[in-house]
Amino acid sequence: MMEQKLEIFLQQACKDLYQATLNEKQVQVQKTRSEFEGDFTIVVFPLLSISRKSPEQTANDLGEWFMAHLDEVDDFTVIKGFLNLSITAKYWIDFLNSEKNRPNYGYTQKGKSKPVVVEYSAPNTNKPLHLGHIRNNLLGWSVSEMFRASGQEVVKVNLINDRGIHICKSMLAWQKWGGGKTPESENLKGDKLVGEYYVKFDQELKAEVADLLGKGMDKEAAENNAPLLLEAKEMLKKWEQDDPEIKQLWERMNAWVYEGFDKTYNRMGVDFDKVYYESDTYLLGKELVKDGLEKGVLYQKPDGSIWCDLTDEGLDEKLLLRADGTSVYMTQDLGTAQLRYDDFDPSKLVYVVGNEQIYHFDVLKLILKKLGRDWAEHIFHLSYGMVELPHGKMKSREGKVVDADDLMDEMYETAKRTSEELGKFDDFTSEESERLYNILSLGALKYFILKVDPKKTMTFNPEESIDFNGNTGPFIQYSYARIQSILRKAKEAGIETGENILTDCPVSAKERSLIRLLYEFPQTVQFAAESMSPAQIANYVYELAKEFNQFYHESPILKENDNLIRDFRLQLSRFIGNVIKSSMGLLGVDVPERM
RNA sequence: GGUCUCGUAGCUCAGUUGGAUAGAGCAGCAGCCUUCUAAGCUGCGGGUCGUGGGUUCGAGUCCCGCCGGGAUCACCA
């Protein structure tokens, strides 16, 4: 890569000119900003102390040196303390010729490293997936793809929260008020049906609490002693004792939910290599805890409960086993972490979980380390920001949520309406139209969610829905379709586009800028994977599509009279199309041949 | 209260990890379809980067204080 080469030569230059060796901070090679002439910029400010000359003089000396020693350097300009180097057209054309037909350009060949395990989604089986899950799922899936593209082995895992008091709540409500309704009888997705009873439970519980308060009971007592809650707790106890009737109900209702989840996952285009169920793993942590107690890392209180003291680390004490021997969330997470380590011997354990659980994962890592699990160092909590609605946060229990299925439906309708208004697809069969609307609506949704930095809280406005113009998925998809359209026409006209571009082909400023962007794709993928940020890819591909559209407007491609230039532009366009497709692929977004 | 985190144009977001005159999209206004797809392109207006200090050749970016929002500190998950 040119940057590395320039850095090495810069070292040499300073040795030659100033008899000095540079430290890392002094070597600064970056992309030249578009408003200036040149390709790469060397910042000379850090070099002034060794050159003992003015910024301009230093930059000039270095510029001369580069001209004399590096064939690829064409020209240079000096602006203040910035040395802008121009790279020869030949270098860029050579780059195009060697890379334009490379399959998987920008992706790194898989090495023989240990896998990265990425956990994402982790739904509860008492309610349907909502907008928050969408961000989680898209992020987890995309980050996994980016790891793969950067040469790492990846295992995508899900951990389904299929047991616990919250599950019993919806079970109990269905038992009481369900009247034997099933997804089939109601023609309703299973997760939706179960979710209704979770809401129902909450409503009934609130009514009971209000009633108790009215009878003069204090708030805490009322909340803890409402008959419904006691009943749910009783059900949980029975579940843990393997009561056949409860287990059967539990299996039945969970099966409904899984069927619903699978539909949503499929439509969203996310998948998993392995699915863990909390009901299988929730007991695993106990062994670790007992072991820790024997080693004296943990301690027991007089009531029999077991704790970890983290006050030395500036945190609190953390309960790991209740006095009655039952486990808490942390206990089972210790267990599943160990299980995953045993299953995959991973180089990294990534948890895609909301930022409200930062504390939880800090504690998890600390406890594992105390228990002598050195691999805890490789746990990484990819904590993403919440998705908020314009009015504020989403609240499941109050029904203030954006349902995942509903949202995809609405997006689909918008895509359909917009497409029909434009009326470009009269020759499409209904299957083709449907396919296109799916590609566009999911593209809009996924791009909208993934283009923002995962760490940041984001606002989602369902009223305005998602735009199809500007910095959006469909805009990028449109750019791709335009390219394919030209390529189809070129083929029809019998123009061969596979040959090498001649090095004396004239290249405009916009074309050069596009070549630069293509050149940056591999490092963008690498950087996106390292920072676990699909937003890096989204911003990159938007820039590429935008520049292509500008190019498209200012230059004829197929209609260019000079065949040399025409073929160059066709090849450039095809390369851009491929990179758009690869980039969008990393975001889980498909691209249409026509739109 | 402790800890963490965020604050950039009316709105939604970028800002390449400290570099040049802080950028896009949406919304608003004005243009461009007999020419490869107008889901596009061009132009205009819009900013004390919450605020006050500090570090330095250079700060939206790093450090400290303050203001404002959010998260978390459960025998919930």
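Everything quoted here is computed from the prediction, not taken from an experiment.

1. A short note on the overall build of chain A
And step 1. Regarding its fold elements, chain A presents 21 helices and 14 strands.
And step 2. Considering only C-alpha atoms, chain A reaches an extent of 90 × 65 × 45 Å along its principal axes.
And step 3. Within chain A, the fraction of its 595 residues that count as buried is 52%.
And step 4. Long-range pairs, those at least 24 residues apart, make up 74% of the contacts in chain A between residues at least 6 apart in sequence.
And step 5. A total of about 27,900 Å² of accessible surface is found on chain A, and carbon and sulfur atoms cover 48% of it.

2. Remarks on helix H18 (residues 473-492)
And step 1. Between its first and last C-alpha atoms H18 spans 29 Å; for 20 residues at 1.5 Å apiece the expected length is 28 Å, and the two agree.
And step 2. Across the 20 residues that make up H18, a large majority, 14, are buried.
And step 3. Measuring from the side-chain oxygen of the N-cap residue of H18 to the backbone nitrogen of Phe-475 gives 3.2 Å; that N-cap residue is Thr-472.
And step 4. Where H18 ends, the next residue or the one after it, Gly-494, has phi of about 75°, a positive value.

3. Overview of the sheet that holds strand S9 (residues 306-309)
And step 1. Strand order in the open sheet made by the three strands is S8-S9-S10, with antiparallel pairing throughout. The sheet is open, and its two borders are formed by strand S8 (299-300) and strand S10 (317-321), each paired with just one other strand.
And step 2. Bridge analysis of S9 against S10 gives four bridges, and the strand direction is antiparallel. Bridge assignment links Trp-307 to a residue of S10, and that residue is Leu-319.
And step 3. Helix H13 (residues 285-294) contacts S8, S9 and S10 of the sheet and is inclined by roughly 120° relative to S10.

4. A short note on the packing of helix H19 (residues 509-530) against helix H21 (residues 563-586)
And step 1. At a minimum axis separation of 11 Å, H19 and H21 run at an interaxial angle of 30°. For the element pair H19 / H21, the angle class is roughly parallel. In terms of crossing hand, the pair formed by H19 and H21 is left-handed. Note on element contacts: H21 touches H19 through Phe-568, Arg-569, Leu-572, Phe-575, Ile-576, Val-579, Ser-582, Ser-583 and Leu-586, opposite Glu-511, Leu-514, Ile-515, Leu-518, Phe-521 and Val-525.
And step 2. Taken together, the residues of the contact of H19 with H21 break down into 11 nonpolar, two polar and two charged.

5. A few points about the sheet that holds strand S4 (residues 82-87)
And step 1. Spatially, four strands are ordered S1-S2-S4-S3 in an open sheet, and the strand pairing comes out antiparallel. Bordering the open sheet on either side are strand S1 (29-31) and strand S3 (73-79), each of which pairs with just one other strand. On average, each strand axis in the sheet is inclined to that of its neighbour by 30°, with strand direction left out of account.
And step 2. Of the strands in this sheet, strand S2 (40-43), S3 and S4 are in contact with helix H3 (residues 55-69), which crosses S3 at around 180°.
And step 3. Along the sheet, H19 makes contact with S1, S2 and S4, crossing S1 at roughly 125°.

6. Let's talk about the pattern of salt bridges
And step 1. All chains considered together, the criterion is met by 36 salt bridges.
And step 2. Taking the shortest distance from any N to any O, the salt bridge between Lys-53 and Asp-61 comes out at 3.1 Å.
And step 3. Among the salt bridges present, the one from Lys-510 reaches Glu-547, with a minimum N-O distance of 3.4 Å. One end of the pair, Lys-510, is in helix H19; the other, Glu-547, is in helix H20 (residues 534-554), and 37 residues separate them in sequence. Each member of the pair, Lys-510 as well as Glu-547, carries the same accessibility label: buried.
And step 4. One salt-bridge network, in which partners are shared between bridges, spans Glu-145, Arg-148, Lys-156, Asp-271 and Asp-273.

7. Here's the deal with the pairing of S9
And step 1. Relative to S9, S8 runs antiparallel, the two being bridged by two bridges. From the neighbouring strand, Gln-300 faces S9, where its bridge partner is Ile-306.
And step 2. Once S8 ends, the chain turns through five residues before running back antiparallel as S9, passing Gly-304 with a positive phi of about 100°.

8. Topic: the protein's contact with RNA strand B
And step 1. Lining the immediate surroundings of RNA strand B are 68 residues, of which Arg-33, Asp-316, Lys-393, Tyr-478 and Tyr-552 lie closest.
And step 2. The contact atoms of RNA strand B, taken as those within 4 Å of the protein, divide so that sugar and phosphate hold 65%.
And step 3. Here a sugar or linking oxygen of RNA strand B and a side-chain polar atom of Tyr-478 are 2.3 Å apart.
And step 4. Per-element tally for the surface near RNA strand B: the top contributor is H20, with eight residues.
And step 5. Grouping the amino acids of the surface near RNA strand B by side-chain chemistry returns 28 nonpolar, 23 polar and 17 charged.

Parameters at a glance
Residues numbered from 1 in each chain as written. Chains lettered and ligands numbered in written order. Predicted model: local features only at pLDDT ≥ 70, side-chain atom pairs only at ≥ 80, totals over all residues. Heavy atoms only, no water. Helix = DSSP H or I, 4+ residues; strand = E, 2+ residues; numbered from the N terminus. Buried < 20%, exposed > 50% of the residue type's maximum accessible area, 1.4 Å probe, protein only. Contact = heavy atoms within 4.5 Å. Areas by Shrake-Rupley, 256 points an atom, 1.4 Å probe, with all protein chains shown as cover. Expected span 1.5 Å × (residues − 1). Polar contact = N/O pair within 3.5 Å; in protein donor to acceptor, adjacent residues only side chain to side chain. Pairing = 2+ DSSP bridges. Axes fitted to C-alpha atoms, helices over the stretch in contact; angles between N-to-C directions. Parallel < 35°, antiparallel > 145°, perpendicular 65-115°, else oblique. Left-handed = near helix turned anticlockwise from the far one by under 90°. Nonpolar A, V, L, I, M, F, W, Y, C, P; charged D, E, K, R; others polar. Salt bridge = Lys/Arg side-chain N within 4 Å of Asp/Glu carboxyl O. Near = heavy atom within 4 Å.

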